[in-house]
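Inside the fold
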Amino acid sequence: MKMIFNAFAKKLFGAKYERLARTIFICLIVFWGLYVAGFQVRIAPFILYLTVSTFSASLMWQALSSQDNAAHMQNMVMLPFERRKFVFSYIAAMGIYTLLTKTAVLLAVLLAVSAWNWAEISGGILCAINAVLMAAAIFSVKKYWYTGIFWGIAILAAVFFGWNQPWFIPLISANSAFAFLVLQNADGYFFYLPEGKSSSAVKGRGRHSVWIYFFRYLKNHKNYLLNTVFMWCIACALPLFFRQMESLFVIPVGFAVLSLNTPVCILLSCDPDLEQAVRVLPGQKKTFFVPYCLFIFSCNITADMIFLCSLQIQTGGVTVQMMAAAVFFAMLSAVLSVFLEWFFPIRGWKIESDLWRHPRKYIVPAAMLLLAGAVIAL
């Protein structure tokens, strides 16, 4: 079992687990920096539990769904293996990767900006572990997806309504044990995703074929499409959080936040075959990147307009100048995103979730915030 675990872990963390040590160091720096800054926010415990649960579950699911694992898993399943040892080695490697490189960063931020006791911290860690096990268990029986949806909703409801009840911790512990039992009956082949044919080839050289590629890509990557819908939901909710802020500052901050739609901004980074084709074929700067820029712009402007409509409904005061600013910020963030993809593509990643959480995702929103501050100052 140790040998199988090491085979998966070294792919995720590096040959000498150097990536794990680097991430832990970053978590300590983030925690200490925010703690010393004295920035404090009051966060209810159930918010902590819900946040770490949904965050950990979504990242675990994304890690298990990674197409980058297809070739590696193909080599592993070709060898004889014992079913339970293989499953738990794989889930342990993916779970540790999710908890220590992704959830740990989130916990470092939440623990640094709010006061917690040890019971609440322990509850948050337990919720994260439960979310990882649940995601793996549901993934192993994904043909019964409707059961997984009801199971997830039931646990989220228990967290939301019963986080302060004496039965909450025993319930989460029992649920983790149940997920563990489900995984005991899982087969290693349930986690193997056959390496499909590359979808990176763009047929033809016309502008419309490139747009078809974009929409087919979103159709084949439901998590990318779900993230876009999630950004639209955030656009609706942002005015609720900005009510006490000055309207001039609210608008550009909202535009900057809504430019964080990472998946549509990393199409070249996540598909090396497409990047190679775009760089080798002649005339691709115009044939591919102009439609790509317009595609990102369409995603950004949709979210910005939803934000302005929600702001108008809740507080009013949306002007033509604000709409023009939305167009400007959406186009500028699209141009900057395409610029980064062409000149500074992300390489050396292990699975797709690394791309979603790469620090480069904050460059464009940070630039938008700086620009907004400069405009307001002037």
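Residues numbered from 1 in each chain as written. Predicted model: local features only at pLDDT ≥ 70, side-chain atom pairs only at ≥ 80, totals over all residues. Heavy atoms only, no water.

1. As for empty space enclosed by the protein
Using the criterion set out here, one finds 3 cavities of 30 Å³ or more in the structure. Taken as a whole, the largest cavity spans an internal volume of roughly 130 Å³. Surrounding the largest cavity, 13 residues form its lining, Cys265, Ser337, Arg360, Lys361 and Val364 being those nearest its centre. For the lining of the largest cavity, the secondary structure elements donating two or more residues are helix 15 (320–343) and helix 17 (363–377). Here the residues of the lining of the largest cavity are counted per class, giving 7 nonpolar, 4 polar and 2 charged. (1 Å grid on protein atoms, 1.4 Å probe; cavity = no way out; pocket = protein on both sides within 12 Å on 5 of 7 lines; lining within 4 Å. Points joined across faces, edges and corners; volume = space filled by probe spheres on them. Helix = DSSP H or I, 4+ residues; strand = E, 2+ residues; numbered from the N terminus. Nonpolar A, V, L, I, M, F, W, Y, C, P; charged D, E, K, R; others polar.)

2. Re the packing of helix 6 (residues 118–140) against helix 8 (residues 168–184)
In the contact formed by helix 6 and helix 8, the axes pass within 9 Å of each other and the chain directions differ by 30 degrees. Looking at the two axes, helix 6 sits roughly parallel to helix 8. Two packed elements cross with a definite hand, and for helix 6 against helix 8 that hand is left-handed. Touching Gly123, Leu126, Cys127, Asn130, Leu133, Met134, Ala136, Ala137 and Ser140 of helix 6 are Phe168, Ile169, Ile172, Ser173, Asn175, Ser176, Ala179, Val182 and Leu183, all from helix 8. Taken together, the residues of the contact of helix 6 with helix 8 sort by class into 12 nonpolar, 6 polar and no charged. (Axes fitted to C-alpha atoms, helices over the stretch in contact; angles between N-to-C directions. Parallel < 35°, antiparallel > 145°, perpendicular 65-115°, else oblique. Left-handed = near helix turned anticlockwise from the far one by under 90°. Contact = heavy atoms within 4.5 Å.)

3. Things to note about the packing of helix 14 (residues 289–314) against helix 15
Packed helices, taken two at a time, are described by their axes: the angle between them and the distance between them. Direction vectors running N to C along helix 14 and helix 15 enclose 140 degrees, while the axes themselves pass 8 Å from each other. Here the hand of the crossing between helix 14 and helix 15 comes out right-handed. Looking at the contact of helix 14 with helix 15, its residues break down into 19 nonpolar, 3 polar and 2 charged.

4. Observations regarding a nonpolar patch on the surface
Taken together, the side chains of Val141, Tyr144, Trp145, Tyr146, Ile149, Phe150 and Ile153 make up a nonpolar region of the molecular surface, amounting to roughly 750 Å² of accessible area. Along the polypeptide, Ile153 turns up in helix 7 (residues 145–162). (Patch = residues over 30% accessible without salt bridge, like charges linked within 9 Å, V, L, I, M, F, W, Y side chains within 5 Å. Areas by Shrake-Rupley, 256 points an atom, 1.4 Å probe, with all protein chains shown as cover. Salt bridge = Lys/Arg side-chain N within 4 Å of Asp/Glu carboxyl O.)

5. A word on the nonpolar core
Counting residues in each nonpolar core, the largest one holds 49 residues, and the members touching the most others are Phe214, Phe288, Phe289, Tyr292, Phe307 and Leu308. Contributing elements (two or more residues each) for this core: helix 9 (207–220), helix 10 (222–241), helix 11 (247–257), helix 12 (272–280), helix 14, helix 15 and helix 17. Counting residues per element, this core draws most heavily on helix 14, which supplies 12 residues. Counting residues in each nonpolar core, the second largest holds 47 residues, with Ala9, Val52, Ala135 and Ala136 among its members. (Core = buried A, V, L, I, M, F, W, Y, C linked by side-chain atoms within 4.5 Å. Buried < 20%, exposed > 50% of the residue type's maximum accessible area, 1.4 Å probe, protein only.)

6. A few points about the packing of aromatic side chains
Given two aromatic rings, one states the distance between the centres and the angle between the planes to describe the pair. Under the definition given, this model contains 15 aromatic pairs. Arranged with centres 4.9 Å apart and planes meeting at 80 degrees, the rings of Phe160 and Phe161 form a pair that is edge-to-face. Here the aromatic cluster, defined as three or more aromatic residues joined through ring pairs, consists of Phe46, Phe160, Phe161 and Trp163. (Phe/Tyr/Trp six-rings, centres within 6.5 Å; stacked < 30°, edge-to-face > 60°.)

7. Some thoughts on the side chain of Asn175
By secondary structure assignment, the location of Asn175 is in helix 8. We classify Asn175 as buried; its relative accessible area is 8%. Apart from the residues within four sequence positions on either side, Asn175 is in contact with Asn130, Met134, Trp151 and Ile155.

8. So, the confidence of the model for the protein
On average, residues of the protein carry a pLDDT of 78, and 83% of them reach 70 or more. Looking over the protein, one finds the lowest element-wise mean pLDDT in helix 4 (residues 69–77), namely 60, and the highest in helix 8, namely 91. Predicted confidence for residues 196–208 stays below pLDDT 50, and this span has 20 contacts to residues more than four positions away or in other chains. (pLDDT = per-residue confidence, 0-100.)

9. Structural notes on the layout of surface pockets
Of the voids in this model, the second largest pocket is the one considered here, and its volume is about 350 Å³. Along the wall of the second largest pocket there are 17 residues; nearest its centre are Thr103, Ala104, Leu107, Ala108 and Leu111. Of all elements in the fold, only helix 2 (18–37), helix 5 (83–113) and helix 6 reach the threshold of two or more residues within the lining of the second largest pocket. Ranked by the residues each element gives to the lining of the second largest pocket, the list is headed by helix 5, at 7 residues. A breakdown of the residues in the lining of the second largest pocket according to their chemical character gives 15 nonpolar, 2 polar and no charged.

10. Focus: helix 14
Structural remark: α-helix, 3.6 residues per turn; residues separated by three or four positions point the same way. Its 26 residues place the ends of helix 14 37 Å apart at the C-alpha level, agreeing with the 38 Å of an ideal helix rising 1.5 Å per residue. Residue Gly316 follows helix 14 closely and has a positive phi angle near 80 degrees. (Expected span 1.5 Å × (residues − 1).)

11. What about the side chain of Thr101?
In this structure, Thr101 sits in helix 5. Since its relative accessible area comes to 8%, Thr101 is described here as buried. Within the local environment of Thr101, its side chain forms a polar contact with the backbone oxygen of Tyr97, the two atoms lying 2.3 Å apart. If sequence neighbours within four positions are ignored, Thr101 has contacts with Phe13, Leu20, Thr23 and Ile96. (Polar contact = N/O pair within 3.5 Å; in protein donor to acceptor, adjacent residues only side chain to side chain.)

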